[in-house]
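Structural characterization, general
Each chain is listed here by its residues.
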Amino acid sequence: MATNWAAFAAAEPELAATVEERFGAFTHHVLATLRKDGSPRTCGLEVRFFDGELWLGMMPGSMKALDLNRDARFNLQANPGPGTGMGGGDVRVGGRAVGVTDPETKDAYVKEVEPPEPFHLFRTELTEVVRTHVEDDTYLVTEVWLPGAPVRTLRRR
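Residues numbered from 1 in each chain as written. Predicted model: local features only at pLDDT ≥ 70, side-chain atom pairs only at ≥ 80, totals over all residues. Heavy atoms only, no water.

Points about the side chain of K64
Stated formally: Helix numbering and strand numbering both begin at the N terminus, where a helix is a DSSP run of H or I of at least 4 residues and a strand a DSSP run of E of at least 2. With a 1.4 Å probe rolled over the protein chains alone, any residue whose accessible area is under 20% of its type maximum counts as buried; one over 50% counts as exposed, and the rest are partly exposed. Think of it this way: Lys and Arg go in the positive column, Asp and Glu in the negative one, and His and the chain ends go nowhere. By convention in these notes, a salt bridge is any Lys or Arg side-chain nitrogen within 4 Å of a carboxyl oxygen on Asp or Glu. In this description, contact between two residues means that some pair of their heavy atoms is separated by no more than 4.5 Å.
Within the secondary structure layout, K64 lies in helix 3 (residues 63-70). It is E46 that comes nearest to the buried, bridge-free K64 among opposite-charge side chains, at 8.7 Å. Ignoring anything within four residues of it in the chain, the contact list for K64 reads L31, T33, C43, G44, L45 and M58.

A closer look at the pairing of strand 2 (residues 40-45)
Heads up, the rule is: One bridge is not enough; two strands pair if DSSP finds at least two bridges between them.
As paired elements, strand 1 (residues 29-34) and strand 2 share 6 bridges and run antiparallel to each other. Its bridge partner lying in strand 2, A32 is registered against T42. Joining the antiparallel neighbours strand 1 and strand 2 is a turn of 5 residues, in which G38 adopts a positive phi near 90°.

A look at the pattern of salt bridges
Tallying each qualifying case throughout the model produces 9 salt bridges. One salt bridge connects R131 with E143, and the closest N-O pair in it is separated by 3.1 Å. Remark: E143 occurs in strand 8 (residues 139-145) and R131 occurs in strand 7 (residues 120-135); sequence separation between them is 12 residues. Using a relative accessible area of 15% as the deciding quantity, one classes E143 as buried. By sharing partners, the salt bridges in this structure join R41, D67 and R70 into a single network.

Digging into a negative patch on the surface
Keep this limit in mind: Each patch is built from residues lacking any salt bridge and having more than 30% relative accessible area; the joining distance is 9 Å for like charges and 5 Å for nonpolar side chains (Val, Leu, Ile, Met, Phe, Trp, Tyr). With residues, only the protein chains shown are counted as cover, and all accessible areas are computed by Shrake-Rupley using a 1.4 Å probe. The atoms used to mark charge sites are NZ of Lys, CZ of Arg, CG of Asp and CD of Glu.
Side chains of D102, E104, D107 and E117 sit close together on the surface and give a patch of like negative charge. Within the fold, D107 resides in helix 4 (residues 103-113).

Some points on the environment of R92
Looking at the secondary structure, you find R92 in strand 6 (residues 90-99). Excluding residues within four positions of it along the chain, R92 makes contact with N75, L76, Q77, E128, V129 and V130.

Some remarks on the pairing of strand 9 (residues 152-156)
Where strand 8 lies against strand 9, 5 bridges are found, and the strand directions are antiparallel. Considered in strand 9, the bridge of T142 is made with L154. Where strand 8 hands over to strand 9, the hairpin turn is made up of 6 residues, of which G148 adopts a positive phi near 85°.

Written out as structure tokens, the structure reads:
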């Protein structure tokens, strides 16, 4: 089961706002994909939230684009920022990347983002959103959202 960003944000607006804020704090984040042999690949990536979607844009022929065209599964980790403060916590999004070839959709992306062309564009179908943070200097709190379920919160001392 998967859903787009708008459906997630409607179901869990507070967590969605925190996740968007964390991704918005820095330009570059870490994308994990699967190589042809099944081993993980990590690489830097810029992401965009607009029109109810979380978008992944990348250079043509990049290894991450080839990976996603072969196996759509991904995990995206927000840049934790400098130092150890982790303002807002650590967030990651998992799901499937769906390649976009529709000219109208790509044109709207170009107008919003102004990427260098040509480029690969993927919209995401979310299967998991996770935020981990420290609460009251006492608890490690992990919030986990899966499509069709409310956020589950786990606290550890």
